[in-house]
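So you can see what is in the structure, the chains are spelled out below.
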Amino acid sequence: MSDFKKWAKTPPLGWNSWDCFGAAVNEKQLRENADYMAKYLKPFGWEYIVCDIQWYEPRAKDNDYNNFTELDMDEYGRLIPALNRFPSAKDGKGFKPLADYVHSLGLKFGIHMMRGVPRQAVAENCPIYNSAHTCREIAHHFSVCSWNTDMYGLYNCEGAQDYYNSVINMYASWGVDFIKCDDICVTEFRKWDNPYSADYEIEMLRKAIDSCGREIVLSLSPGPALRDKAEHLSANANMWRLTGDFWDKWEPLYAMFSKCKEWEGVSKMGNHPDCDMLPLGRISKNGTCHGEKNRYTDFTKPEQYTLMTLWGIFRSPLMFGGNMPENDEFTLSLLTNSEYMKMHKTCRNSRELIREETDNKGYIIWTADGEGCKYFALFNTDEKVSEVTLTLDSEREFTALDIWENKEIKGVKTALSAEVEPHGAKLYKIF
């Protein structure tokens, strides 16, 4: 086993193309977002630029998938970037020129992959690189994705590991630093007898990455991951989704309080339960995902504070979803708050402290231990302004830093009260 947990000592911070560009992201858009991150976010720890799904699909134009369409693929059944969208991939270069550009900015490059082998490679019975087997021999024809037609899953058989090795080695040669593997580690999306029957495919990915000679962070998607598989997930991946695709509505945000409570205590060095992306800023530029096309997030400002606060104190990976060059000042302020970023990087023992609600309305308080301090997050789940009180079990005086407002409150003793906006949050560092 490699030291893969050291490759993501703290929760990864980055940008992913899905929320704004769907299945149709192109090279120009990736470069523009990399330029923005390098200029504005890199000093705060943001580092990954991740190209999401269907970069190998020449006809992609929005958030939808073209079923059973022709994909760009090499002679060994490995998907390669569509040249009409990624022109620097010409002459068999793959993503290496784009990864080199991202690296030149001091950032890291990631890509999305689907579990398994392309149906197209199976139909053509492509040979597997450096193997005596073919793609048709390893394809599990009943192990298919319910929402995308590109791939078959793999049998746990001879040749399957060879195929994953060939794919991951190719990614390593391109300079890939982060892989988001999709259609894996799910519950209700998978309908056959064992909802976690892809566990051996996760293990194959782990072996392939460990032997490729490059440090590559492995993210498993989509969720919701099974809580009773936390040990297996921790042994094989750096991060894994806790939910299906998360979008900018209060209901799924509210549901994440229960998900975070369910996964409380699992996060540790190299293993990060993932609350999913941050659908903030300018999103849905290429389609209508859970809202209008080409919109700013539908979250209210208080809800955006709640999203960032919960993800932060829980220590979820942070993957921003908006088109960064279109960020307004408020959105940028959420991503460049030094005290918030310090909390996210260093806090430990994150946990729910209090939950007092009637009919899903009330307040929730989370806490975490910091370096010489404690953090407290006060959430108002009601639809009206509410006063939320944090009781401190101590007689000495404290100073409380309101992290979002960057204001100190001195002389805090037994309690701290705050008016919190509907669906909003307050975040304090107490020392």
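Before reading on, note that the structure itself is shown above.
These remarks concern the structure in this document.

Once that is clear, we can look at the state of the cysteines. Evaluation of the coordinates by the stated rule reveals zero disulfides. Cys-275 takes part in no disulfide bond, and the closest cysteine sulfur, belonging to Cys-260, lies 3.6 Å away. For Cys-275, a relative accessible area of 0% translates into the label buried.

Once that is clear, we can look at the environment of Leu-71. With respect to the element layout, Leu-71 can be found in the loop between strand S2 (48-51) and helix H3 (96-104). For the pair Leu-71 and Pro-118, spaced 47 residues apart in sequence, the C-alpha to C-alpha distance is 8.6 Å. With sequence-adjacent residues up to four places away left out, Leu-71 is seen in contact with Tyr-56, Glu-57, Pro-58, Leu-79, Gln-120 and Asp-150.

For helix H7 (residues 199-210), which comprises twelve residues, the first-to-last C-alpha distance of 17 Å matches the rise-based estimate of 16 Å (1.5 Å per residue) to within 8%. Residues of H7 that are buried: Tyr-200, Glu-201, Ile-202, Met-204, Leu-205, Arg-206, Ala-208 and Ile-209.

We now examine the pairing of strand S5 (residues 139-144). When S5 meets strand S6 (residues 151-154), the two strands line up antiparallel, connected through three bridges. Pairing of His-140 across the sheet is with Gly-153, part of S6. The turn linking S5 back onto S6 is made up of six residues.

The subject of this paragraph is the pattern of salt bridges. Applying the stated criterion to the full structure yields 28 salt bridges. Here Asp-52 ties to Lys-180 by a salt bridge, and the two come within 2.8 Å at their closest N and O atoms. A residue pair is termed long-range when its members are at least 10 positions apart, and Asp-52 in the loop between S2 and H3 and Lys-180 in strand S7 (residues 178-182) qualify at 128 residues. Residue classification places Asp-52 among the buried residues on the basis of a relative accessible area of 2%. Shared partners join several salt bridges into a network, and the residues in it are Asp-248, Lys-249, Arg-295 and Asp-298.

Burial of strand S20 (residues 415-420) is one-sided: the residues Leu-416, Ala-418 and Val-420 facing one way are buried, the residues Ala-415, Ser-417 and Glu-419 facing the other way are not. Two elements, strand S17 (residues 386-391) and S20, share six bridges in a ladder whose sense is antiparallel. The residue bridging Thr-391 from the neighbouring strand is Ala-415, located in S20.

Strands sit in the order S14-S15-S16-S21-S18-S19 across an open sheet of six strands; the sheet is antiparallel. On the outer flanks of this sheet lie strand S14 (348-358) and strand S19 (407-412), each paired with one strand and no other. Mean inter-strand twist for the sheet, computed between neighbouring axes without regard to direction, equals 20°. Two elements, S14 and strand S15 (residues 361-369), share eight bridges in a ladder whose sense is antiparallel. From the neighbouring strand, Thr-358 faces S15, where its bridge partner is Lys-361. Contacting S14, S15, strand S16 (374-380) and strand S21 (425-430), helix H10 (residues 301-314) runs over the sheet at an angle of about 145° to S16.

So, how was this worked out
- Residues numbered from 1 in each chain as written.
- Predicted model: local features only at pLDDT ≥ 70, side-chain atom pairs only at ≥ 80, totals over all residues.
- Heavy atoms only, no water.
- Disulfide = S-S within 2.5 Å.
- Buried < 20%, exposed > 50% of the residue type's maximum accessible area, 1.4 Å probe, protein only.
- Helix = DSSP H or I, 4+ residues; strand = E, 2+ residues; numbered from the N terminus.
- Contact = heavy atoms within 4.5 Å.
- Expected span 1.5 Å × (residues − 1).
- Pairing = 2+ DSSP bridges.
- Salt bridge = Lys/Arg side-chain N within 4 Å of Asp/Glu carboxyl O.
- Axes fitted to C-alpha atoms, helices over the stretch in contact; angles between N-to-C directions.

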